[in-house]
Amino acid sequence: MVIRGGTVVNAAEISKCDVGVKGGRIVALGENLTAGAQEIDATGKYVMPGGIDSHCHIDQRSSGGGRNSETFESGTRSAACGGTTTIICFAAQEKGELLTPVVEEYHAKAKQSCIDYSFHLIISDPSDEVIHKEIPKLIKAGHRSLKLFMTYPRNRLNDAEILRVLEVAKLNQALVCVHAENHDAIMYMTEKLLAADKNSTKHHAWAKPPLVEREATHRMIMLAELLDVPIQIFHVSCEEAAEEIRRAQERGLKIFSETCPQYFVLTARDLDRDQREGAKFVCSPAPRTEGDQEAVWNHVRLGTIGNVTSDHAPYNIDELEGKFWAGDNAPFSQIANGVPGLETRMPITFSEGVSKGRIDLQTFVAQTSTNAARLFGLYPKKGTISVGADADICIWDAEKEVTITQDILHHDTDYTPYEGLQVQGWPAATITRGKLVWNDGVETCEPGWGKFLARDPYDYIKPRGVLPTPFDPVFMTTDDEV
Ligand code: URP
Ligand code: ZN
Ligand code: ZN
């Protein structure tokens, strides 16, 4: 395949050249490449690394109740139509479960994936068996990131349990990703709100204000610093949390973070509708204010926030196990948390970011692809248009104007929270390991094409080698020179 006449945009450089693809990999970059068996005209378009969405929930039991609407087939199809060629989703353990059968279950489901995938392992029950036997084996098999929740009753870990997970991650070279919100504060607020009959969707945001995110983010950073373990803070939604991360980064700590399109375009006002409509916007952290949106963009520009993910967590409105798993009149606290967004992640980020002048093209590529590849040990196989990389490519039409509506999307969820949102910039074509799966509005994905990406140890997440005391609690050694 030869992609001809486009402008190649990498996080590090921009060049006008053709791209040659053979055997699923990029084999040539240059001017006037000789004719390929398949020719793609990219004149006037950007040729970028395929998107990497490193936070999406697919075919998962919910942390609150209910079940995701999406299968791996529908979810990855919709991702590909939105320019994404790699996902990192979850194998989600619940309390009382062993981890290995859960991971096997998710591997079996993911075989229907249309694009390449990897897993974060959600640790909800860090028992001795899980920590000492299962996790080391599973990390060695290529599941090189663990995820923990500081809230949600079925998943949350207390500080002692968090330390156990940080320790096993350090010992076995894995990255820990965190949903950071203060559980007890949220529970307290929720009980009080419900007792005062304040149970509609707008009160979801009242139950979990930015300070619960700030506190948990700060606490998590302190626990990570105690053991000297790099971490990734998921879905930063507000200035308060970003400020804590920035401060830690300025002190040299390896604290990474992401945000999501919902924190660029939704606000708490979206929750202030009748229950059925408001439920479409119930996600955690809750949508904030326009001021927070600009603060989040500012931290994207500064690099405090390193990547934009979808946190795709799809629940149908009209389904027994969906948003209203607890009944049509359920209070906000029992509505499934999450919004769908695999397909709209790149267009919204491009439109709000590049088209509106908040970020440049290369920052867009870094934030939607390259930085995630580096952070999760996939670079340079993924996240770059370079000779030798997988031919995961997104050809981008920066001029195309689209009004997002449910009927143009390919997901298997019965609504989009972005109904009516106008964007400028849309993927013209998506290529996954050399296979064209989205081209000018025509989708030709193949379930089963996607391969599991086992991840080897990588330097990006090496600890700093700085501890707060002479005693190393993980390796049980003491620095005698101090
Ligand atoms: O509301 C959200 N984000 N639901 C999905 C689970 C999580 O918290 O990431
Ligand atoms: Zn979360
Ligand atoms: Zn999530």
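Here, every reference points to the structure presented above.
Residues numbered from 1 in each chain as written. Chains lettered and ligands numbered in written order. Predicted model: local features only at pLDDT ≥ 70, side-chain atom pairs only at ≥ 80, totals over all residues. Heavy atoms only, no water.

Colleague: Quick one: what's the story with the overall build of the protein, residue by residue and with numbers?
Modeller: For the protein, the count of helices and strands is 13 helices and 21 strands. Radius of gyration (C-alpha) of the protein: 22 Å, near the 23 Å computed for a compact globule of 482 residues. When its C-alpha atoms are laid out on the principal axes, the protein stretches across 65 × 65 × 40 Å. Residues counted as buried form 59% of the 482 residues belonging to the protein. (Helix = DSSP H or I, 4+ residues; strand = E, 2+ residues; numbered from the N terminus. Rg over C-alpha atoms; globule rule 2.2 N^0.38 Å. Buried < 20%, exposed > 50% of the residue type's maximum accessible area, 1.4 Å probe, protein only.)

Colleague: Talk me through the coordination of the zinc ion (ligand 2); I want residue IDs and the actual numbers.
Modeller: At 2.1 Å from the zinc ion (ligand 2) lie its protein donor atoms, namely H179 (ND1) and H235 (NE2). Each of the four donor atoms bound to the zinc ion (ligand 2) contributes to angles spanning 56 to 138°, and the resulting shape is irregular. The two metals, the zinc ion (ligand 2) and the zinc ion (ligand 3), are separated by 3.6 Å. Residue H179 is found in strand β12 (residues 175–179), and its partner H235 is found in the loop between β13 (231–233) and α8 (239–250); the two are separated by 56 residues along the sequence. Accessibility classification places H179 together with H235 in one group, the buried group. (Donors = N, O, S within 2.8 Å, 3.2 Å for Na, K, Ca; no water. Tetrahedral: all angles 85-135°; square planar, octahedral: opposite > 155°, others 65-115°.)

Colleague: Can you break down the coordination of the zinc ion (ligand 3) residue by residue, with the values?
Modeller: Note on the zinc ion (ligand 3): its protein donors are H55 (NE2), H57 (NE2) and D311 (OD). The metal-donor distances range over 2.0 to 2.2 Å. Because the angles between the four donor atoms bound to the zinc ion (ligand 3) fall within 86 to 136°, the donor set is best described as irregular. All donors to the zinc ion (ligand 3) come from one chain, and their sequence spacing reads H-x1-H-x253-D.

Colleague: How would you sum up the packing of aromatic side chains? Please name residues and give values.
Modeller: Enumeration according to the criterion identifies 11 aromatic pairs in this entry. Cluster of aromatic residues (ring-pair linked, three or more members): F72, Y117, F119 and F452. Between the NZ or CZ atom of K109 and the centre of the ring of Y106, over which it lies, the distance is 4.3 Å. Geometry around W449 places K435 over its ring, the cationic atom sitting 5.2 Å from the centre. (Phe/Tyr/Trp six-rings, centres within 6.5 Å; stacked < 30°, edge-to-face > 60°. Lys NZ or Arg CZ within 6 Å of the ring centre and 35° of its normal.)

Colleague: An account of the pattern of salt bridges is requested, with residue identities and associated values reported.
Modeller: If you walk through the whole model with that rule in mind, you get 34 salt bridges. Close ionic contact of K109 with E105 constitutes a salt bridge, the shortest N to O distance being 3.3 Å. A residue pair is termed a helical-turn pair when its members lie 3 or 4 positions apart in one helix, as K109 and E105 do in helix α2 (residues 99–110) at four residues. Of the residues examined, K109 reaches a relative accessible area of 18% and is grouped as buried. The partner of D390 in a salt bridge is K382, with the nearest N and O atoms 2.9 Å apart. Through salt bridges with shared partners, a single ionic network connects D116, K381, K382, D390, D392 and R433. (Salt bridge = Lys/Arg side-chain N within 4 Å of Asp/Glu carboxyl O.)

Colleague: So, the site of ligand 1: which residues are in play, and what are the values?
Modeller: Taken together, H55, H57, F149, Y152, H179, H235, C283, S284, D311, A313, N337 and G338 make up the full set of residues near ligand 1. With respect to ligand 1, the side chain of H57 contributes an N or O atom lying 3.2 Å from an oxygen atom. In this structure, G338 approaches ligand 1 through a main-chain N or O atom, which is 3.3 Å from an oxygen atom. A total of 260 Å² of accessible area belongs to ligand 1 in isolation, and the protein chains cover 97% of it. Residue classes in the shell around ligand 1 are distributed as four nonpolar, seven polar and one charged. (Near = heavy atom within 4 Å. Polar contact = N/O pair within 3.5 Å; in protein donor to acceptor, adjacent residues only side chain to side chain. Areas by Shrake-Rupley, 256 points an atom, 1.4 Å probe, with all protein chains shown as cover. Nonpolar A, V, L, I, M, F, W, Y, C, P; charged D, E, K, R; others polar.)

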